[in-house]
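One letter stands for each residue in the lines below.
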Amino acid sequence: MDTAPAVELIGIEKRFPGVIANHDVNITVRPKTIHAIIGENGAGKSTLMKTLYGMHRPEKGRVIVDGVEREFHSPSDAIDVGIGMVHQHFMLAENFTVLENVILGAEPVSGRSLDLKKAREDLTFLAESAGFDLDLDAYVSDLGVGQRQRVEILKVLYRGAKILILDEPTAVLVPQEVDELFVNLRRLVDDGATVIFISHKLDEVLAVSDDITVIRRGTTVASVTPGEVTQTQLGELMVGDALPSAEPRHTEIGAEVRLEVDSVTVRHPTDETAKPLAFDVSFAVHAGEILGVAGVEGNGQFEVCQAILGLVESDGVVRLDGRDMVGQSTRERLSTGLSYIPFDRHDEGMMLEAPLWENLLLTRDDEERFVKNGFVNQRAVRAATRTTIDRFDVMTPDETVPGYALSGGNQQKLLVGRELDSEPSVLIAAHPTRGVDVGAQATIWGNLRDARDAGLAVLLITADLEELIALSDRIIVMFDGYVTAELSPSEATPDVLGVHMTGGRVESIA
Amino acid sequence: MSLVEDPPDATSAPPPPSDDDAAAAMRRRERLEGAVVTAGSSIAAVLIALALSALLLVITGKNPGDVVSTMAEVATTSRFQFETIQRATPFIIAAVAFAIASKMNLFNIGVEGQYLFGMFWAAVAGAYVNLPAVLHVGFILVVGMAAGAFWAGIAGYLKVRLGVSEIISTIMLNAIALQITDWLFNDYFRFDDGSGSLDVRTKPLPSTAWMPDWFDGRLNSFIVIALIVAAGYWVLVNKTRFGFRLRASGLNPIAASTSGISSNRMVLTAMLISGAIAGLAGLQYLLGEAQSYGPARPSGYGFNGLSVALLGRNHPVGIVLAALLWGFLESAAGPLQLDDIPRSIVNVIQGITLLSVVIVNEVVKRWYTRRTTERAAARLGEGGAA
């Protein structure tokens, strides 16, 4: 190659309090190519793209665009050098037309008034060159998902972007729309643009990209071209191959079914025509058993958990300890012995501004020792919080500091402790060791195994295959809202899991 | 949002075993310090506001010295001191009504309409029953609370069932309450005593329904009820499970509903309680000075209560102090006018005070959050070394 790379990232490191999101990341994007960045959720792809788009600054490393080293303080700096980003979640004004949405914030003016005529000419030209079939006067509220995405791309192009970052552009599209998108992207590249797109779908990455960079655990592990690798090899690169063998257990799985999910379907909350978020999901978890749910995040695991908790409307039946939970409130389900370590500890699990002991009380204010006659027994709650802090090795001065004063890993340990100490009979553990260090991970795994040996039924949702195999007695895989496979831990090799998790078929690798 | 919800509480921290004594003392010191920071930032904001107001007076050609000396006189004269407390009473109640809703992020701007509605029905119902003294007052309080709760409950119901913002609906309900009470009063409950007096009003309450006056018409015993309301609010919010759930729903609604706290039920309950308390705000006037309802009824308690709650950071002690400040400024308005200082200067001082409070609070909050985090980290470091 004699031309300078469109984008070069060298030795990027990005830290958040207590977590290293990216380290030692090296990527070279050739101009006029489609460059795919693949990796599991939580691998650090989005963090990296936010660095490139100037949404935050890296601690270390260099960003070189078109041969010039840059330091971005905000997205507008990135836009100035021709980088544009299409976010996964569209940011469009529904009651504006396509034209109005595109020029919003970058309105062309002549004199002191809007120059809509010029905008229309420019946009018509841009849309044609990209091959978009868009009515500029249509209201965005009337557009489908695929067309809205084109409006977003048009917005970026209109601002002069030559390098487009697309964050999981295909996640929201149906297959035909995916094909159209790739035709459009190829046209843009032929016209001189460079496209970087994030994905975790192996087949589409292999089909459309010129180059592929694989990210695992925050760092780049391989740069390949589609011709060099098979889907299986790519899957292995993505999920890693150094998996432990399942640890032998010394207790028996109980006979009784503690949690039964029978044909549960969760529909899209607002769009009736959209495909269900989880479809016809069935499984059972026995006493003393850990059922692992593998899958890339966003494939229906969250919705199934919400259905079990009674937080969303769903079809089908959820049974706890044999009792039908249809029509029961979340509170009633939790008092039946259900417990939940949430997907997102900040959104669903904590009150960051409240002291730790109040955070402990949050899910447990039905326990008699904590509340008598409607009054909170602060002394008892604080004592219990101290016990949990000791038992789960939460690093904190005491139980009165506010939640925000703890590092993410210690917040996680507190939440795990809160739920396990409530002595549940069924535990939904979603990413129980997310963001914690290796030592804490071992502690939490030990706690979960002990609880399992004592008869707890655990539904373990995790994106970490090491965790999945280390803990699970059985594994189901979810993709696109469906349960696509059920495996034993010994069958769950990285390539098999990788293919199930990314929508491929097992036959294709045989 | 308040930084420190709990004032230092001697009863709650039992002496921990021996070597934790130092840690406990440190904790107490930190909590005390938190309270000082909270109070200090409010006082600083008030001082800033006074300085700005003085500047304003200078610019408009008045002598701030006159204002200060008049205010000093008001502050040191006993009848004005009593008047200050009397004027603070409805503000305390209205502020608690506002604060309890805002604990779960509900912005109840409708305290104004709720107290009006409560006062009206309390006046009407109280005049048509005969009960022994204490019971009669109790009956009227209950009617006022029920009417206020009903009026606020409409907004709660609309929010729960139809997702109507309580901000919009309570503003509208304020206007409706004003018109409905006017209409009901004029068409149905105007009392004609046959004297042809122009002083129109509802049927006067019998003397069994009066709250005793304590000082020359300047301090009514209703202040006791206001203080009970403030104390009850503190207990409810900080000591009970309901209060805990209320705060949890305010601090993180998603986490609260994930842990099984029904947000709909909390919204409705919070609005009902808020409205019930608001229904008491007008009753000092009714049971103390007027003994009937009429066009001369007071207005603005709701909006002043909102200001007082903001200034007092939704904390009962803060609310009482802020209400006293507000009451003092209102009491000073009369004497100031005698000095040729316009009454509006009082409103200007109130407005500037609020603005400074909001700004100073935000600045202090950021600083304090950072400091708490750093201090927790530092203490962990010490623990590791020991």
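Undergrad: Which residues make up the overall build of chain B, and what values go with them?
TA: Across its full length, chain B holds 14 helices and zero strands. Overall, chain B shows an N-to-C arrangement of helices and strands of α-α-α-α-α-α-α-α-α-α-α-α-α-α. Across its three principal directions, the C-alpha atoms of chain B cover 85 × 55 × 40 Å. Per-residue burial over chain B gives 45% buried out of 386 residues. Partitioning the contacts of chain B with sequence separation of at least 6, the portion at a separation of at least 24 is 78%.

Undergrad: How would you explain the overall build of chain A if you had to name every residue and give the values?
TA: Helix and strand counts for chain A stand at 17 helices and 24 strands. Against the globule reference of 24 Å for 510 residues, chain A gives a C-alpha radius of gyration of 25 Å, in line with a compact fold. Once the C-alpha set of chain A is aligned to its principal axes, its extents read approximately 70 × 55 × 45 Å. Taken across its 510 residues, chain A has 46% of its residues classed as buried. In chain A, the share of contacts with a sequence separation of at least 24, taken over all contacts with a separation of at least 6, comes to 70%.

Undergrad: Go over unusual backbone geometry, please, and point to the residues and values.
TA: Even without being glycine, Lys32 of chain A reaches a positive phi, approximately 55 degrees. Tracing the backbone shows Lys32 of chain A in the loop between strand S2 (19-29) and strand S3 (34-38). C-beta crowding within 10 Å serves as the criterion here: with 16 such atoms nearby, Lys32 of chain A is assigned to the partly exposed category. In this model, Asn105 of chain B sits at a positive phi of 60 degrees, which is unusual for a non-glycine residue. Along the chain, Asn105 of chain B falls in the loop between helix H3 (78-102) and helix H4 (111-127).

Undergrad: So what's going on with the sheet that holds strand S9 (residues 163-166) of chain A? Which residues, and what values?
TA: Sheet strands pair by backbone hydrogen bonding; their relative direction is either parallel or antiparallel. Residue and element names in this part refer to chain A. Strands sit in the order S6-S9-S10-S3-S11-S12 across an open sheet of six strands; the sheet is mixed. In this open sheet, the two strands that pair with only one neighbour each are strand S6 (83-86) and strand S12 (219-224). Each strand axis lies, on average, 20 degrees off the axis of its neighbour in the sheet, ignoring direction. Here S6 pairs with S9 via four bridges, running parallel. Note that in S9 the partner of Val86 across the bridge is Leu166.

Undergrad: Just give me the short version of the interface of chain B and chain A, but keep the residues and values in it.
TA: Between chain B and chain A, the contact holds 25 residues from the first and 33 residues from the second. Counting only elements with at least two residues in the side of chain B that touches chain A, the list comes to helix H1 (21-59), helix H8 (241-251), helix H9 (253-258) and helix H14 (344-385) of chain B. Here the side of chain B that touches chain A is built from residues that sort into 10 nonpolar, 11 polar and four charged.

Undergrad: Summarise the environment of Glu59 of chain A; cite the residues concerned and give the values.
TA: Mapped onto the elements, Glu59 of chain A comes out in the loop between helix H1 (45-52) and strand S4 (60-65). Glu59 of chain A sits 45 residues away from Lys14 of chain A along the chain, and the two C-alpha atoms are 5.3 Å apart.

Undergrad: Run through the pairing of S9 of chain A, naming residues and quoting values.
TA: Residue and element names in this part refer to chain A. Taking every second residue as pointing to the same face, both faces of S9 are buried, with Ile163 and Ile165 on one and Leu164 and Leu166 on the other. Here S9 runs beside strand S10 (residues 194-199); their pairing, made up of four bridges, is parallel. When the sheet's bridge partners are listed, Leu164 is paired in S10 with Val195.

Undergrad: A description of the packing of H8 of chain B against helix H10 (residues 263-281) of chain B should follow, citing residues and the corresponding values.
TA: Residue and element names in this part refer to chain B. Put simply, H8 and H10 touch, their axes get as near as 11 Å, and they point 110 degrees apart. In terms of axis orientation, H8 runs roughly perpendicular to H10. Crossing handedness for the pair H8 and H10: left-handed. Between H8 and H10, the residues in contact are Arg245, Leu246 and Ser249 and Ser263, Met266 and Ala270, respectively. Looking at the contact of H8 with H10 residue by residue, the class counts come to three nonpolar, two polar and one charged.

Undergrad: Let's hear about the environment of Leu456 of chain A: which residues, and what values?
TA: All names here are of chain A. With respect to the secondary-structure elements, Leu456 resides in the loop between helix H15 (438-453) and strand S22 (457-461). Taking the number of C-beta atoms within 10 Å as the measure of exposure, Leu456 has 26 and is therefore buried. In sequence terms Leu456 and Asp142 are 314 residues apart; their C-alpha atoms lie 49 Å from each other.

Undergrad: Tell me what's going on with the sheet that holds strand S23 (residues 474-479) of chain A, and back it up with residues and numbers.
TA: All names here are of chain A. Ordered by their spatial adjacency, six strands build an open sheet running S18-S21-S22-S15-S23-S24, and the pairing between neighbours is mixed. For this open sheet the edge positions go to strand S18 (338-341) and strand S24 (482-487), each flanked by a neighbour on one side alone. Adjacent strand axes in the sheet meet at a mean angle of 20 degrees, parallel and antiparallel pairs treated alike. As judged from the four bridges shared by S18 and strand S21 (residues 426-430), these two strands associate in the parallel manner. Across the sheet, Tyr340 pairs through a bridge with Ile428, a residue of S21. Along the sheet, helix H14 (residues 408-421) contacts S18 and S21; its crossing angle with S18, the most-contacted strand, is approximately 175 degrees. Along the sheet, helix H17 (residues 494-501) contacts strand S15 (290-294), S23 and S24; its crossing angle with S23, the most-contacted strand, is approximately 35 degrees.

Undergrad: Now, about the confidence of the model for chain B: what can you tell me, with residues and values included?
TA: Residues and elements named next belong to chain B. Scored by pLDDT, chain B has a mean of 86; 92% of the residues are at 70 or more. The element-level mean pLDDT for chain B is lowest in H14, coming to 78, with helix H7 (residues 223-239) highest at 96. For the stretch residues 1-19, pLDDT sits under 50, and the model shows 27 contacts to residues farther than four places along the chain or on other chains. Quick note on the complex model: pTM equals 0.74, ipTM equals 0.82.

Undergrad: Break down the packing of H4 of chain B against helix H12 (residues 301-311) of chain B for me, with residues and values.
TA: All names here are of chain B. Remark: H4 packs on H12, axes separated minimally by 7 Å, with the N-to-C direction vectors making an angle of 135 degrees. The orientation of H4 with respect to H12, classified from their angle, is oblique. The element H4 and its partner H12 pack so that their crossing is right-handed. Contact residues: H4 offers Val111, Glu112 and Tyr115, while H12 offers Tyr301, Gly302, Phe303, Gly305 and Leu306. Residue composition of the contact of H4 with H12, by class: five nonpolar, two polar and one charged.

Undergrad: Would you mind going over the environment of Glu289 of chain B in detail, with residue names and values included?
TA: Locating Glu289 of chain B in the fold gives a position in helix H11 (residues 283-290). With 69 residues separating them along the chain, Glu289 of chain B and Asn220 of chain B place their C-alpha atoms 8.3 Å apart.

Undergrad: Describe helix H5 (residues 133-162) of chain B, with residues and values.
TA: All names here are of chain B. With 30 residues, H5 extends 43 Å between its outermost C-alpha atoms, agreeing within 8% with the 44 Å of an ideal straight helix rising 1.5 Å per residue. Along its length, H5 reaches its greatest deviation from straightness, about 25 degrees, at Gly153. Once H5 ends, the next one or two residues include Gly163, with phi positive near 70 degrees.

Scoring rules and cut-offs
- Residues numbered from 1 in each chain as written.
- Chains lettered and ligands numbered in written order.
- Predicted model: local features only at pLDDT ≥ 70, side-chain atom pairs only at ≥ 80, totals over all residues.
- Helix = DSSP H or I, 4+ residues; strand = E, 2+ residues; numbered from the N terminus.
- Buried ≥ 20, exposed ≤ 12 C-beta atoms within 10 Å, placed from the backbone.
- Contact = placed C-beta atoms within 7 Å.
- Rg over C-alpha atoms; globule rule 2.2 N^0.38 Å.
- Pairing = 2+ DSSP bridges.
- Axes fitted to C-alpha atoms, helices over the stretch in contact; angles between N-to-C directions.
- Nonpolar A, V, L, I, M, F, W, Y, C, P; charged D, E, K, R; others polar.
- Parallel < 35°, antiparallel > 145°, perpendicular 65-115°, else oblique.
- Left-handed = near helix turned anticlockwise from the far one by under 90°.
- pLDDT = per-residue confidence, 0-100.
- Expected span 1.5 Å × (residues − 1).
- Bend = angle between axes of the 7 residues up to and from the residue.

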